[in-house]
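Take a look at the letters that make up each chain.
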2 protein chains.
Amino acid sequence: MAKNAGAGGRTIHAEHHHLSWDNARPPAMTVAPGAVVEFDRIDALMGQLTRETEAEALLNLDFERVNPVAGPIHVDGAEPGDALKVTLLAFDPCGWAWTAIIPGFGLLAEDFPAPHLHFWSCDTAFKEPAAFGDMARVPLKPFCGTIGVAPRAPGPHSTIPPYASGGNMDIRDLNIGTERYLPVQVPGALFSIGDPHCAQGDGEVCGTAIESIMGVSVKLELVKDENLKFPRFVTPGPVTRHLDAKGYEVTTGIHPDLMDATKDAVRGMIDRLGRLTGMSADQAYMLCSVCADLRISEVVDQPNWVVSCYLPRLVLD
Amino acid sequence: MAKNAGAGGRTIHAEHHHLSWDNARPPAMTVAPGAVVEFDRIDALMGQLTRETEAEALLNLDFERVNPVAGPIHVDGAEPGDALKVTLLAFDPCGWAWTAIIPGFGLLAEDFPAPHLHFWSCDTAFKEPAAFGDMARVPLKPFCGTIGVAPRAPGPHSTIPPYASGGNMDIRDLNIGTERYLPVQVPGALFSIGDPHCAQGDGEVCGTAIESIMGVSVKLELVKDENLKFPRFVTPGPVTRHLDAKGYEVTTGIHPDLMDATKDAVRGMIDRLGRLTGMSADQAYMLCSVCADLRISEVVDQPNWVVSCYLPRLVLD
């Protein structure tokens, strides 16, 4: 159960974890706008990984049991065209986490065919950075990678990709206090949440963040007639001051295709990290995933676009 | 002439502006590594725009006379495989600037067929934000959009796109103090610079920044055997603290194609700015170009990627 959720919270338990978005799924709970809902600890791998798991076990991962979401919550009065305003209030962390390279998954899947797995110890107050061996220390700022409402289109939709209705957006700034607005597609909105992360860089390039089993409590409010096409959010203050004090190492990719530019920017950073610190390519790839940010520097000087990969120097200190 | 360039600076004048990268172009100057070079004020439109120009004149812009660069500078001892380390030391601004929507150019060219032109007054010390009418105030942080070395491939190459050798990268964090490293492709490096900007958002979405005629002084150093594939850079400190104090309004685009996701994120912000402030779509598009940042939030949850457009709330205060 999430701590500090405030009075009046109601709890969603593991029996209401599900593996597809489906607007025909019966609600786990019905609430009035303004309600606080607590979600019991959510495990993105549904018990397939423990602290004793070895990397080779990732080869047998059952992708049918990955990225469950908890819910859905029916919000009274929500109608298509409204926005569901979601504010994260608190996390209930478990103290350990993992980052993995899973074969066939991730931006550079073709470069990294072998499985790798790193375990982290995480301060449950998120105050101390998490150690990446003796190579780096990564500040923590938790969020949920998956947060969404049921899509308009009928039938089951995998929880792996995000949609216009939200879902597995993996936006690292959706932290406590950020207000996010999801486009309601069906009556009642049918909100679900999952994929708790302790930290992540923009892009989540290796496919996993600092993944942890966490509970979460959220406040659900309703804004009428927003008519959003995609989710939007508002951050109450700066988003990178926990990372930026020492500046950044930055690599670029320049290409007529944004995806190719993105891959080259990340390959450049993996190479740079190897030269700077001696870490292996798979370690550098995982470090980028948990704290390096992908920015589109230029997308107008045709025919070549520039994507930059920003690694905060602080983590290497 | 750029101010404060330090003793020993030598100056490149307008007769050494050129409109293509070409490794056969004779050097305008030859220097030893460690030299400081000053560049007279560079005008990205070569006199085609003055403070009296009206937007309709953009329809007749001669693209053969756009984005000149000044140089090239032959750096003694530079060889393919080395990196040219370039540090901007000072700018010599002219006090006014412009941002334009040029038909046929820009991320959303299909949405904005008409020309628009905005003139800015810019504090020559870059301390005060520049007013965007009474709608916004944009903090300034100057840089050069174009900075590069001659490409390995023979013949003339337009200065509009960037290449692996650098050029029109439009990376808004290449400010004073940032160390950038360019992959030397031919003996002597043949460095040139242009496209002075007072400020820009990541992406430069409408195709123009806060564009201004400015002089610049740079220090050119050599790092042997870097063997870079693309330019990289190191920032000495935070890159967004002049913008982030009030947090961000953020919109997203979610799509199987990164370019489509990018366009939708920007369209969302244009819509959001209209609702928040009443500004027109063309005004919002220009404001995004000069201060909103494009980030790739997620590029692994196949088949849909998330691009986010971050507008600093500070500019609307």
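All figures in this text were calculated on a predicted structure; none of them were measured in a lab. (Residues numbered from 1 in each chain as written. Chains lettered and ligands numbered in written order. Predicted model: local features only at pLDDT ≥ 70, side-chain atom pairs only at ≥ 80, totals over all residues. Heavy atoms only, no water.)

### Some thoughts on the overall build of chain A
Link 1 in the chain: Each helix and strand counted, chain A has two helices and 22 strands in total.
Link 2 in the chain: In terms of overall size, chain A behaves like a compact globule, its C-alpha atoms giving a radius of gyration of 19 Å where 317 residues would be expected to give roughly 20 Å.
Link 3 in the chain: With respect to the principal axes defined by its C-alpha atoms, chain A has extents near 55 × 50 × 40 Å.
Link 4 in the chain: Considering chain A as a whole, with its 317 residues, one finds that 63% of them fall into the buried category.
Link 5 in the chain: Within chain A, residue pairs in contact and separated by at least 24 positions form 79% of the contacts whose partners lie at least 6 positions apart. (Helix = DSSP H or I, 4+ residues; strand = E, 2+ residues; numbered from the N terminus. Rg over C-alpha atoms; globule rule 2.2 N^0.38 Å. Buried < 20%, exposed > 50% of the residue type's maximum accessible area, 1.4 Å probe, protein only. Contact = heavy atoms within 4.5 Å.)

### A word on the packing of helix H1 (residues 258-277) of chain A against helix H2 (residues 281-291) of chain A
Residues and elements named next belong to chain A.
Link 1 in the chain: The interhelical angle for the contact between H1 and H2, taken along N-to-C directions, is 120 degrees, at an axis separation of 9 Å. It follows that H1 is oblique to H2 by the angle criterion. Note that H1 runs across H2; the crossing there is right-handed. Residue-level contacts link Met269, Ile270 and Leu273 of H1 to Ala281, Ala284, Tyr285, Leu287 and Cys288 of H2.
Link 2 in the chain: Its residues assigned to classes, the contact of H1 with H2 shows eight nonpolar, no polar and no charged. (Axes fitted to C-alpha atoms, helices over the stretch in contact; angles between N-to-C directions. Parallel < 35°, antiparallel > 145°, perpendicular 65-115°, else oblique. Left-handed = near helix turned anticlockwise from the far one by under 90°. Nonpolar A, V, L, I, M, F, W, Y, C, P; charged D, E, K, R; others polar.)

### Some remarks on the domain arrangement of chain A
A common way to report how large an interface is uses the accessible area buried once the components associate.
Residues and elements named next belong to chain A.
Link 1 in the chain: Once the domains are mapped, chain A shows domain 1 (2-234) and domain 2 (248-316).
Link 2 in the chain: With centres defined by C-alpha atoms, the gap from domain 1 to domain 2 works out at 25 Å.
Link 3 in the chain: Every contact between the two is made by 32 residues of domain 1 and, on the other side, 23 residues of domain 2.
Link 4 in the chain: Together, the buried faces of domain 1 and domain 2 total about 2,200 Å²; carbon and sulfur atoms form 69% of this surface.
Link 5 in the chain: When the shortest N-O distance is used, the salt bridge between Arg172 and Asp293 registers 2.6 Å.
Link 6 in the chain: Across the domain 1-domain 2 interface, the total number found is 18 residue pairs in polar contact (both at pLDDT 80 or more).
Link 7 in the chain: For the side of domain 1 that touches domain 2, the secondary structure elements donating two or more residues are strand S8 (96-101), strand S9 (116-121) and strand S11 (136-138).
Link 8 in the chain: Residue composition of the side of domain 1 that touches domain 2, grouped by class: 17 nonpolar, nine polar and six charged. (Domains from an automatic or database assignment. Buried area = accessible area lost by both parts, 1.4 Å probe. Salt bridge = Lys/Arg side-chain N within 4 Å of Asp/Glu carboxyl O. Polar contact = N/O pair within 3.5 Å; in protein donor to acceptor, adjacent residues only side chain to side chain.)

### Regarding the interface of chain B and chain A
Link 1 in the chain: Facing the 70 residues of chain B at the interface are 70 residues of chain A.
Link 2 in the chain: Both faces considered, chain B and chain A share a buried interface measuring about 5,600 Å² in area, 54% of it formed by carbon and sulfur atoms.
Link 3 in the chain: Interface area lost by chain B to chain A is led by Arg295, Ile296 and Val300 of chain B, which between them contribute 11%.
Link 4 in the chain: On inspection of chain B and its partner chain A, the count reaches eight salt bridges.
Link 5 in the chain: Our enumeration of links across chain B and chain A arrives at 27 residue pairs in polar contact (both at pLDDT 80 or more).
Link 6 in the chain: Listed by contribution, the elements that provide at least two residues to the side of chain B that touches chain A are strand S14 (162-163), strand S20 (232-234), strand S21 (248-255), helix H1 (258-277), strand S22 (293-298) and strand S23 (305-312) of chain B.
Link 7 in the chain: Broken down by element, the residue count for the side of chain B that touches chain A peaks at seven residues, all from S21 of chain B.
Link 8 in the chain: Along the lines of polarity and charge, the residues of the side of chain B that touches chain A split into 31 nonpolar, 20 polar and 19 charged.

### Describing the environment of Glu204 of chain B
Link 1 in the chain: Its location among the elements puts Glu204 of chain B in the loop between strand S17 (189-199) and strand S18 (210-211).
Link 2 in the chain: For the pair Glu204 of chain B and Leu287 of chain B, spaced 83 residues apart in sequence, the C-alpha to C-alpha distance is 9.8 Å.
Link 3 in the chain: If we ignore the near neighbours within four places in the chain, the residues touching Glu204 of chain B are Ser297, Val300 and Asp301 of chain A together with Asp170, His197, Ala209, Glu211 and Ser289 of chain B.

### Examining the relation of the copies chain B and chain A
Link 1 in the chain: Aligned on chain A, chain B shows an RMSD of 0.0 Å; the corresponding rotation is 180 degrees and the shift along the axis is 0.0 Å. In short, the pair behaves as if placed about a two-fold rotation axis. Of the C-alpha atoms belonging to chain B, the one lying closest to the rotation axis is found on Arg295 of chain B, 2.2 Å away. (Least-squares fit on C-alpha atoms with pLDDT ≥ 70 in both.)

### As for the packing of aromatic side chains
Link 1 in the chain: Per the counting criterion, the structure on display carries 16 aromatic pairs over all chains.
Link 2 in the chain: When the ring of Phe91 of chain A is compared with that of Phe126 of chain A, the centres are 6.5 Å apart and the planes differ by 80 degrees; the resulting orientation is edge-to-face. In this pair, Phe91 of chain A sits in strand S7 (residues 83-93) while Phe126 of chain A sits in the loop between S9 and strand S10 (130-132), placing the two residues 35 residues apart along the sequence. For the pair formed by Phe91 of chain A and Phe126 of chain A, the shared burial category is buried.
Link 3 in the chain: With a centroid separation of 5.8 Å and an interplanar angle of 85 degrees, the aromatic rings of Phe233 of chain A and Tyr310 of chain B are classed as edge-to-face. Here Tyr310 of chain B lies in strand S23 and Phe233 of chain A lies in strand S19 (residues 232-234), a pairing that spans two chains. The same class applies to Phe233 of chain A as to Tyr310 of chain B, namely buried.
Link 4 in the chain: These aromatic residues form a ring-pair network of at least three members: Phe233 of chain A together with Tyr248 and Tyr310 of chain B.
Link 5 in the chain: Its guanidinium or amino end placed over the ring of Tyr181 of chain B, Arg232 of chain B lies 4.0 Å from that ring's centre, counting from NZ or CZ.
Link 6 in the chain: Above the ring of Tyr310 of chain B, the side-chain terminus of Arg295 of chain B is found at 4.4 Å from the ring centroid. (Phe/Tyr/Trp six-rings, centres within 6.5 Å; stacked < 30°, edge-to-face > 60°. Lys NZ or Arg CZ within 6 Å of the ring centre and 35° of its normal.)

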